[in-house]
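A look at the structure
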Amino acid sequence: MKFTCEKTLLVSAISVAGRTVAPKSAIPCLEGILLRAGLGVQLTGFNLETGITVDVAADVREEGVCVMPARLFFDIVRKLPDDMVTVSVDSELQVSIKGGGSSFKITAMDAEDYPELPDVNAGKGVQMPQSALREMIGGTIFSVSENQARPIHTGCLIEVHDETITMVAVDSFRLARRTWHSPEPIGREMKFVVPATGLREVEKILEDSDEPMTFILGEKHILFHIGGATLVCRVLEGEFIDWRRVVPSNNETILTANVATLTAAIERVSLIVSEKIKSPVRCVFSDNVADFRTVNTIGSAHDTCPVAGNGGELEIGFNCRYLLDALRAIPTEETTLELQNGLSPIVFTPVDEKQDYAYMVLPVRLH
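This write-up is about the structure you can find in this document. Because the structure is a prediction, the values reported are computed rather than measured.

1. Observations regarding the sheet that holds strand β2 (residues 32–37)
Strand order in the open sheet made by the 8 strands is β6-β2-β3-β4-β17-β16-β15-β10, with antiparallel pairing throughout. The strands lining the two open edges of the sheet, one partner per strand, are β6 (64–69) and β10 (126–129). Neighbour-to-neighbour, the strand axes of the sheet open up by a mean angle of 20°, direction not taken into account.

2. Looking at helix α2 (residues 70–79)
Of all the residues in α2, the buried ones are Ala70, Phe73, Phe74, Ile76 and Val77. The buried side chains of α2 occupy one side of the element, clustering within an arc of 165° when seen end-on. Opposite the buried face of α2, at more than 90 degrees from it, the exposed residues are Arg71 and Lys79.

3. Observations concerning empty space enclosed by the protein
Tallied over the entire structure, the rule returns 2 cavities of 30 Å³ or more. Of the voids in this model, the largest cavity is the one considered here, and its volume is about 50 Å³. Lining the largest cavity we find Leu262, Ile266, Cys283, Phe285, Phe292, Leu323, Leu327, Leu337, Ile346 and Phe348. Contributing elements (two or more residues each) for the lining of the largest cavity: α6 (259–269), β19 (281–295), α7 (320–329) and β22 (346–350).

4. Things to note about the environment of arginine 321
Position of arginine 321 among the secondary structure elements: in helix α7. Given a relative accessible area of 39%, arginine 321 falls into the partly exposed group. For the pair formed by arginine 321 and glutamate 184, sequence separation is 137 residues and the distance between their alpha carbons is 38 Å. For arginine 321, the contacting residues outside a window of four places in its chain are Arg174 and Glu275.

5. Description of the nonpolar core
Counting residues in each nonpolar core, the largest one holds 66 residues, and the members touching the most others are Leu43, Met68, Ile165, Phe215 and Phe224. When residues in this core are grouped by element, the largest group, 6 residues, is from helix α1 (residues 7–17). With residues up to four places along the chain from it excluded, the contact list for isoleucine 165 reads Val126, Met128, Met136, Ile158, Glu159, Val160, Arg178, Thr179, Trp180, Ile186 and Phe215. Judged by nonpolar contacts, the second largest core, of 36 residues, contains Val281, Phe285, Tyr322 and Tyr357.

6. Quick look at the state of the cysteines
Scanning the model with the defined rule gives 0 disulfides in all. Take cysteine 66: it sits in no disulfide, and the sulfur closest to it among the cysteines is that of cysteine 29, at 12 Å. According to the relative accessible area criterion, cysteine 66 is buried, its value standing at 0%. You can see cysteine 305 has no disulfide; the closest cysteine sulfur is in cysteine 283, sitting 11 Å from it.

7. Describing the pairing of strand β16 (residues 221–226)
Taken across its 6 residues, β16 has 5 buried, putting it largely inside the fold. Where strand β15 (residues 212–217) lies against β16, 5 bridges are found, and the strand directions are antiparallel. Bridged to isoleucine 216 within β16 is leucine 223. Turn length for the β15-β16 hairpin, with the two strands adjacent in sequence and antiparallel, is 3 residues. In this antiparallel pair of consecutive strands, β16 and strand β17 (residues 229–234), the connection spans 2 residues, and glycine 227 shows a positive phi of 60°.

Thresholds applied
Every chain is numbered independently, its residues counted from 1 as its sequence is written. In keeping with the predicted nature of the model, local features appear solely for residues at pLDDT of at least 70, side-chain atom pairs appear and are counted solely at 80 or more, and the whole-chain, interface and lining totals rest on all residues. Side-chain metrics rest on all non-hydrogen atoms present in the structure, leaving aside hydrogens and water. When DSSP locates at least two bridges between a pair of strands, those strands are taken to pair. Helix and strand assignments come from DSSP, with helices taken as H or I runs of at least 4 residues and strands as E runs of at least 2, each series counted from the N terminus. Working convention: axes come from line fits to C-alpha atoms, limited for helices to the stretch in contact. Angles between N-to-C directions cover 0 to 180 degrees. For every residue, the accessible area obtained with a 1.4 Å probe (protein chains only) is divided by the maximum for its type, and the residue is called buried under 20%, exposed over 50%, and partly exposed between those limits. Taking the helix axis as origin, the arc is that swept by the directions to the C-beta atoms. Here a cavity denotes a set of grid points, spaced 1 Å apart and computed over the protein atoms alone, in which a 1.4 Å probe fits but from which it cannot get out, and a pocket denotes an open set meeting protein on both sides within 12 Å along at least five of seven lines; residues with an atom within 4 Å of a point are reported as lining. Grid points are joined across faces, edges and corners, and a volume is the space filled by probe spheres set on the points. Should any heavy atoms of two residues lie within 4.5 Å, those residues are considered in contact. Each nonpolar core is a collection of buried residues, namely Ala, Val, Leu, Ile, Met, Phe, Trp, Tyr and Cys, held together in the definition by side-chain atoms within 4.5 Å. Cysteine sulfur atoms are paired as a disulfide whenever they come within 2.5 Å of each other.

Have a look at this one:
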């Protein structure tokens, strides 16, 4: 194998593919990056759960395949001068890496034992802008459950309908939903759950642009095509919660608030709340004002925030971290707060109908 490639492209590709390299594995080659030279250069990282493949434009003089030690390969190429990099591998798996006036010799591994990535070939995929999927992941994944007793909720539900794609995440305390409306009919109906670990890697690859990406659902895996990168991971099996029945509707109290002002007020009150001393934030919703208080052994804090509407002196207690997570994910300047009574969750929904999201946070007992 022998090829020449631009350093910046190769560093970027190693960095992306290396995210799914297994740190320790019973299969030693999975601790490295599969390097394949053909029409171009392809790098693959795979930990048996999630795999990423990145294609890089290169001048290939000799075809071949081997497994490079991931960390060492990345460190060497990253430290080379900003120039073209030449990599050659002989029949004894001795690797020569040259760039500018620098040269290194390391040993690769045989690719014979490297497992094949799952083959996902289910025909037509679903396409959407990269920025749209990135916003959906960032706006929901913080609500994914960490409780392995219910593994289905350690991922995000994705529902594809004719004109919308919806992503939902839940744990025992909250729910997050974001929906993207397609300008054209999607022509597909599907529902599946992607592990949060895989979605976090997808989010890192996605760019904040309108460039399209495509995902294809197989029998047990999902494949994401993003530019020159491909990620494949297993979908989770099980029955996801019926989130439409969980989110309360026809709420009696509906208020409107500025997201930044509301967030700042709760952040100030939460300064005396710690993980060691968990105390709820008391929220009293009155006429055009929301009152926030908390008291614990450290001290007390009080703040207010203007709201539009009358809460009727409704008092509810919440975990401030869950409230702040939801508020920081809201993509609009203003939001509505929907409530029913002192035991009901608070639901954040958009003021503008063009936006489509919902964040629900369950209350905690005040006494």
